[in-house]
Amino acid sequence: MVVSVGALVKVAMAEREVREKIEKAKVEAQQIIEKARSRANEILKEENIERLKNELVEKYRREIEKEFSERKMLEDEELERLGLITDEELEDVAEILLEVVLSE
Amino acid sequence: MSEVEEIIRKIMEEGDKKVKEIIEAARREAEEIIKKAEKDALEIAEKEARIIRETIANRMMDREKRRLIEDKVRLKDVKIKRLREILYEKIEKVIGGKDERWSYEKILYRLLRDAVLEIGEENIVVSANKRDLEFIRTHKSELETKLEEDVGRKVNLSLGDPVDITGGVICATPSGDKIFNASIDSRVDEVMKKMSAFIARRLGMVSTARFRSLIRQMFEKVREKIKIKDALGRSLELGPIDSVESIIGGETRIDAICKEVGGGIIMVFATLSQATKERVQRFRESIEKYEASVGAKKSKTVFIAFSGVESKDVMDVLRESDMYLLTRKELIDLSKKVGMEM
């Protein structure tokens, strides 16, 4: 193929432009990564971990409280029952016990 | 487009693609770096938070347990004390001859005979309260003759000191090396101890977990069709039941889901306390959730309230909701029908 000098120059210029763009992209890529590293350092900073920990503790506390209120409700049923035992019910049981105490 | 222009276009296109690739790879890497950092941070925070969680849970558990145990023990003691009082009132009636079903003289003789048999000696020193001691003194020869017949050997009774007991006797050999306590008080202690599990069950002095387990066991024992009257006077037909499960957790509470052999599903809510509007509502919502999630329809709903209903309104709510109500009385009836002691 016969190529003119002008055309060769044009191709060389295009190649140079592309190389420059790639170099620029590499620099930008490095900056993106650096920025991410810096953000990662921020994330791993003690204050941030402390904040996360506090958020989790608060979440756990709510969970525990919910779990306990559920359990408390059931345990309250037990307590309520004890308070609701009537003399009539005790009479019934006492009658059964009387039979056993006085029988052979 | 000339050939050269085409080459240049391709060079530029390739270049742009490469640039895009570089930036995208960097973004991916950046994203990974941040994600990893977030994951690491969360792991560290979680590790520390879990330790605190345990501490909080243990502290709350201890506080709750202490509160519950103290209250429970106090209330149980009060009720058991009252039960003993009632039992002693009944015993006093028997001793005073005010309960026609029993003859105290016969009971006293039986206790004396048991003690004589247990000691196995001829000479027996009998201690009792003043009243019974007087009875033994005035009927001594009569009692000795009857004892001789019953135990098959000679028995010499001598009167000991009066003791502070409700009834019955405490017998010993003259040397005191053998003593047998056949007092009513000792029988009461023994029976109360031996029957403590029965007393707890019959009075609903058990934990909620135990109560639910008893309810599930009872439904599991429904092997054939059973008809009972509920506390609202309606006829309730149950069984035969094939399997029983339960759903408890979060907002849903169905204490027993009983699958009948014919395909029917009986939903059961069981509380040791009373039926209240709130509990009925919660049960209703739980059933709706269960039906929506499983796609199965209940055939009957049973509300078990060991301590009855809070008010008449609740009975109306139960009727409107087409729920059968079983209280302590109906539960005892049902347990008898399935051959289980409640």
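Predicted model, so just to flag it, every value in this text is computed and none were measured.

A. The arrangement of the overall build of chain B in detail. Across its full length, chain B holds 10 helices and 11 strands. Scaling as 2.2 N^0.38, a compact globule of 342 residues should have a C-alpha radius of gyration of about 20 Å, whereas chain B reaches 37 Å, well beyond that. Seen along its three principal axes, the alpha-carbon backbone of chain B occupies a region of about 145 × 50 × 35 Å. Counting over 342 residues, chain B shows a buried share of 30%. Here the contacts in chain B between residues at least 6 apart in sequence split such that 60% fall between residues at least 24 apart.

B. Quick look at the confidence of the model for chain B. Taken over all residues, the pLDDT of chain B has a mean of 92, while the share at 70 or more is 99%. This complex was scored by the predictor with a pTM of 0.73 and an ipTM of 0.79.

C. Just helix α10 (residues 328-337) of chain B, in detail. Here α10 of chain B has its buried residues at R328, L331 and L334 of chain B. Angularly, the buried residues of α10 of chain B cover 125 degrees about the axis, an arc narrow enough to put them on a single face. Contacts made by the buried residues of α10 of chain B are with α3 (87-102) of chain A together with α7 (208-220), β5 (226-229), β10 (300-305) and β11 (323-326) of chain B. Once α10 of chain B finishes, G339 of chain B follows within two positions and takes phi at roughly 75 degrees, a positive value.

D. Quick look at α3 of chain A. With 16 residues, α3 of chain A extends 21 Å between its outermost C-alpha atoms, agreeing within 8% with the 22 Å of an ideal straight helix rising 1.5 Å per residue. Within α3 of chain A, the full set of buried residues consists of L90, A94, L97, L98, V101 and L102 of chain A. In a view along the axis of α3 of chain A, the buried residues occupy a sector of 115 degrees, so they form one face of it. Facing away from the buried surface of α3 of chain A by more than 90 degrees, the exposed residues are E88, E95 and E99 of chain A. Buried positions along α3 of chain A lie against α1 (3-95), α2 (104-119) and α5 (184-194) of chain B.

E. How the structure looks around the sheet that holds strand β1 (residues 123-128) of chain B. Residues and elements named next belong to chain B. As summarised here, the arrangement of the four strands in space is β2-β1-β3-β4, forming an open sheet in which the pairing is mixed. Two strands in the sheet have a free side with no partner beyond their single neighbour: β2 (156-162) and β4 (179-183). The sheet shows a mean angle of 25 degrees between the axes of neighbouring strands, direction not considered. By the bridge criterion, three bridges tie β1 to strand β3 (residues 168-172) in an arrangement that is antiparallel. From the neighbouring strand, V125 faces β3, where its bridge partner is A172. Packing against the sheet, α2 makes contact with β1, β3 and β4, and its axis sits at approximately 20 degrees to β3.

F. A look at the pairing of β4 of chain B. All names here are of chain B. Both β3 and β4 contribute to a ladder of five bridges, which runs antiparallel. By the bridge assignment, A172 is partnered in β4 with I179. Counting the residues in the hairpin turn of β3 and β4 gives six residues, including G176, whose phi is positive at 80 degrees.

G. Here's a closer look at the interface of chain B and chain A. Each side of the interface is counted separately: chain B has 68 residues, and chain A has 55 residues. Contributions of two or more residues to the side of chain B that touches chain A are made by α1, α2, α5 and α6 (196-202) of chain B.

H. Broad picture of the confidence of the model for chain A. Of the residues in chain A, 98% have a pLDDT of 70 or more, and the chain-wide mean is 90. The lowest-confidence element of chain A is helix α2 (residues 46-84) of chain A, averaging 87 in pLDDT; the highest-confidence one is α3 of chain A, averaging 96.

I. A look at the domain arrangement of chain A. Domain annotation of chain A identifies domain 1 (1-44) and domain 2 (53-104). Using C-alpha coordinates to define each centre, domain 1 of chain A is positioned 74 Å away from domain 2 of chain A.

J. Broad picture of the packing of α3 of chain A against α1 of chain B. The N-to-C vectors of α3 of chain A and α1 of chain B enclose an angle of 55 degrees; their axes lie 9 Å apart at closest approach. In terms of their interaxial angle, α3 of chain A and α1 of chain B are classed as oblique. Handedness of the crossing formed by α3 of chain A with α1 of chain B: right-handed. On the side of α3 of chain A, the interface is formed by L90, E91, V93, A94, L97, L98 and L102 of chain A, while α1 of chain B contributes R82, L83, I86, L87, K90, I91 and V94 of chain B. Residues of the contact of α3 of chain A with α1 of chain B, tallied by class, amount to 11 nonpolar, no polar and three charged.

K. Examining the domain arrangement of chain B more closely. Its domain assignment divides chain B into domain 1 (1-98), domain 2 (104-194) and domain 3 (206-337). If you average the C-alpha positions of domain 2 of chain B and of domain 3 of chain B, the two centres end up 51 Å apart.

What counts and what doesn't
Residues numbered from 1 in each chain as written. Chains lettered and ligands numbered in written order. Predicted model: local features only at pLDDT ≥ 70, side-chain atom pairs only at ≥ 80, totals over all residues. Helix = DSSP H or I, 4+ residues; strand = E, 2+ residues; numbered from the N terminus. Rg over C-alpha atoms; globule rule 2.2 N^0.38 Å. Buried ≥ 20, exposed ≤ 12 C-beta atoms within 10 Å, placed from the backbone. Contact = placed C-beta atoms within 7 Å. pLDDT = per-residue confidence, 0-100. Arc of directions from axis to C-beta. Expected span 1.5 Å × (residues − 1). Pairing = 2+ DSSP bridges. Axes fitted to C-alpha atoms, helices over the stretch in contact; angles between N-to-C directions. Domains from an automatic or database assignment. Parallel < 35°, antiparallel > 145°, perpendicular 65-115°, else oblique. Left-handed = near helix turned anticlockwise from the far one by under 90°. Nonpolar A, V, L, I, M, F, W, Y, C, P; charged D, E, K, R; others polar.

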